[in-house]
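Chain by chain, the residues run as shown.
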Protein chains: 2
Amino acid sequence: MSDKIRIGLAGLGTVGATVASRLLQGAVPRAKLVAVSARDAKKDRGVDLSAIDFVADPLALVSHPDVDVIIELIGGESGTALDLVEAALKAGKPVVTANKAMLAAHAAALSDLSVGGNVPLAFEAAVAGGIPVIKTVREGLAGNDITRLCGILNGTCNYILSRMEAAGLSFADALKEAQELGFAEADPTLDVSGADAGQKLAILSALAYGVAPDMDNISVTGIEAVTAADIAFAEEFDSVIRLVGTAARVGAGSNGGVYHSVEPVLVKKSQALAQVLNELNALSITAEPLGAVMLQGPGAGGGATASAVLADIADIAAGFGRPLFDVAVSEMTESASQNAPASEYYIRLALADRPGSMAKATQILAENGVSIEEVVQRSSESDDSYLPVVFITHQTENASLNAALAALEKQSEICNAVLALPVFAD
Amino acid sequence: MSDKIRIGLAGLGTVGATVASRLLQGAVPRAKLVAVSARDAKKDRGVDLSAIDFVADPLALVSHPDVDVIIELIGGESGTALDLVEAALKAGKPVVTANKAMLAAHAAALSDLSVGGNVPLAFEAAVAGGIPVIKTVREGLAGNDITRLCGILNGTCNYILSRMEAAGLSFADALKEAQELGFAEADPTLDVSGADAGQKLAILSALAYGVAPDMDNISVTGIEAVTAADIAFAEEFDSVIRLVGTAARVGAGSNGGVYHSVEPVLVKKSQALAQVLNELNALSITAEPLGAVMLQGPGAGGGATASAVLADIADIAAGFGRPLFDVAVSEMTESASQNAPASEYYIRLALADRPGSMAKATQILAENGVSIEEVVQRSSESDDSYLPVVFITHQTENASLNAALAALEKQSEICNAVLALPVFAD
């Protein structure tokens, strides 16, 4: 083995090409690119790879005698990416990956191989792109008890919400703009549904709390139901709407655990998360004895993701690689709670434009123990028979909220189109 | 040696007591507190140290047979703290310190010992308290070329400026309030002069660029000259004033280098740094290929500083300690530039309240190549014979600005009380 670690890189899309280019420039002095694999050997990627060994089969990188470390940038939850990573770990070769879908879906098997075999599996690029959130949660806050993680973990959703806010666009128009600019996929479901943010939250929670990743433990609501009217109402409360992934310690003792949610949240403009605009990502971490820190930056894109991959390579090259989550998923003992903590809520209804509607709606809220702090109703310029009304509640138990919402939805003659969003708490 | 690293802790102030308490709770599983040293063995610090060896002389921790790692929380640029750290490094015992003044003043000697002997000297707590800026710059952005660091590195100044802004206080009243709340020392000179932020910037720049720390290379201006009127004018430009420490690559080739400044800066409210309020600190890092990331959080206080110390202990316990700056200061080759980059400027004058004053002032600016983008003049309710005027300039070379300011200051009949602040660039 030479005194530099020798890199085999699988996947030469934008991220892979940037990583290759930086490695060839000597950006990580102790690492050397020796072999690459991609579908098309001939494609011009803006980087001269003529001196680098090209292998058609990514798995051949694992058996390649000159390759010490595998970089997996193929993508996909299973298939070749998973085969490659498993083969590398079994061969004792450290892995760097940006593949959050694979990590979230196969955390247990991969951690058995990585932790069990004490083979580094680095994944900074899998969450929040270029922002060093994995390093911060695992290393920068070592010695703390983390009590809450709140993140803007999906740049597509944040772009759409920011543009609805800044330009008064509808969800559909903002989505279309995001697609035209490359901030959203042709099929945006994985992003706008909150599923992508949920995968990232599962990975963060495994690291921060030792909760075994399981998407079934995460309450996920996307941004599809947020309307231009909601954005305008939020403005009246000096707030914006953000898709926030939260993993927070709740309860205590046998009732204790970590509650996970990804959902649109009403955020006061004075909060740092409200200032995170467009395609940026952010993570706010509350911990004892630290207090709260927030990191923000580019959560996607070739340069940002490449930056995280290079940092992982540098750690491994320095001999400071770490196994996935440090602890095997099968050994994780922290429980996920299904009990949403009490919160203030933003409740938007459409109320029938006739006497008694408001009285009935407020009576239903009161009967279910939901106490109102603020109300805004605006007359409509159209001749709609339903008018939008927004309530901001006092602190409300989630069960009370759900009972109130169910009761309201039965009153189809006086109200429809109900949306409830938690209000972000400091 | 046991399988845990054994800690000797010198200094039991707020930070030291918090670190001791967390170590005794097992917050760093691979570390064990075995010995402490402080002036007063008997003082109640809210933590039971009765089972821990107490030594009166901090230097005795180095020769203590059960101590593997020294935590220096004594403070002070030289004296006992320096003696302790040097003795520990000479003995090959890793050190964790929060002592920015010592590091800035004795960087060369300490790096010779640490890098030369390959003994870890960890200092996360020395810059920006609990925010993991050292780890982010060194590890999280490894593989990047850093082009600019901009930080709010002094919580006292940020508190004062935030309070002037929020409550319309004068500098003197905001300082007094900060002192009453414990955010400023009885003698606030080191903070309000910008010197403290300068020390932190020197440490960051050594790490990010490899510039040997030297306070003479940093252009330092404090916040003492910022008035309530400046804060009000800033508001008219939808901006705030922040004390910003900047280390930025300027020029190229033999004219290239890193320019260092600590000074009050006009920051648009839409910029993330403007949202950093009160005693918080922040660091914005621009790098290639990453883009820009920003970290914010508590820059001081027992819990925040203890958090950083604990993270350093955890790294050393995991075998991942690193020597000071990785490279010895004597080997650092990057040069510090004295050439301030071109900038837009905020120029505040007091102009004589008589015909021709404004014409003369604008003529002087024009003659010196300073082009004006915006002007605000307000009539005064008092009967002052001088009225404040503010110009925002177009991009201006620093030499042109200085020539214009010198010429204006000679015109004592038409103008006095000149203040120029750079406008923060994205």
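Nothing here was measured: the structure is a model prediction, and the numbers come from that model.

Draft legend 1. Representation of the relation of the copies chain A and chain B. The operation relating chain A to chain B is a screw motion whose rotation component is 180°, with 0.0 Å of axial translation and a residual RMSD of 0.0 Å. Taken together, these values place the two copies in the relation of a two-fold axis. The position closest to the rotation axis in chain A is occupied by the C-alpha of Leu295 of chain A, lying 2.2 Å away. Comparing contact sets, 100% of the residues at the interface of chain A also lie at the interface in chain B, consistent with an isologous, same-surface contact.

Draft legend 2. Region of interest: the pairing of strand β16 (residues 386-393) of chain A. All names here are of chain A. Counted residue by residue, β16 has 6 buried out of 8 residues, so it is predominantly covered. Sheet topology places strand β14 (residues 345-352) next to β16; 7 bridges connect them, and they run antiparallel. Bridge pairing in β16 links Arg348 to Val390.

Draft legend 3. Representation of the domain arrangement of chain A. Residues and elements named next belong to chain A. What the domain assignment reports for chain A is domain 1 (5-97), domain 2 (136-298) and domain 3 (345-422). Averaged C-alpha coordinates put domain 2 and domain 3 at centres separated by 25 Å. Every contact between the two is made by 11 residues of domain 2 and, on the other side, 11 residues of domain 3. Both faces considered, domain 2 and domain 3 share a buried interface measuring about 1100 Å² in area, 69% of it formed by carbon and sulfur atoms. On inspection of domain 2 and its partner domain 3, the count reaches 1 salt bridge. Connecting domain 2 to domain 3 are 4 residue pairs in polar contact (both at pLDDT 80 or more). Looking at the side of domain 2 that touches domain 3, the elements with two or more residues in it are α11 (228-236) and β10 (257-268). Top element by residues in the side of domain 2 that touches domain 3 is β10. It accounts for 4 residues. Its residues assigned to classes, the side of domain 2 that touches domain 3 shows 7 nonpolar, 1 polar and 3 charged.

Draft legend 4. Up close: the sheet that holds strand β15 (residues 372-377) of chain B. Residues and elements named next belong to chain B. Ordered by their spatial adjacency, 4 strands build an open sheet running β15-β16-β14-β17, and the pairing between neighbours is antiparallel. Strands with a single pairing partner mark the edges of an open sheet, and in this sheet they are β15 and β17 (415-422). Sheet twist, expressed as the average angle between the axes of neighbouring strands with direction ignored, equals 20°. Taken strand by strand, helix α11 (residues 228-236) contacts β14 (345-352), β15, β16 (386-393) and β17, and its axis lies near 120° from that of β14.

Quick notes on the rules
- Residues numbered from 1 in each chain as written.
- Chains lettered and ligands numbered in written order.
- Predicted model: local features only at pLDDT ≥ 70, side-chain atom pairs only at ≥ 80, totals over all residues.
- Heavy atoms only, no water.
- Least-squares fit on C-alpha atoms with pLDDT ≥ 70 in both.
- Contact = heavy atoms within 4.5 Å.
- Buried < 20%, exposed > 50% of the residue type's maximum accessible area, 1.4 Å probe, protein only.
- Helix = DSSP H or I, 4+ residues; strand = E, 2+ residues; numbered from the N terminus.
- Pairing = 2+ DSSP bridges.
- Domains from an automatic or database assignment.
- Buried area = accessible area lost by both parts, 1.4 Å probe.
- Salt bridge = Lys/Arg side-chain N within 4 Å of Asp/Glu carboxyl O.
- Polar contact = N/O pair within 3.5 Å; in protein donor to acceptor, adjacent residues only side chain to side chain.
- Nonpolar A, V, L, I, M, F, W, Y, C, P; charged D, E, K, R; others polar.
- Axes fitted to C-alpha atoms, helices over the stretch in contact; angles between N-to-C directions.

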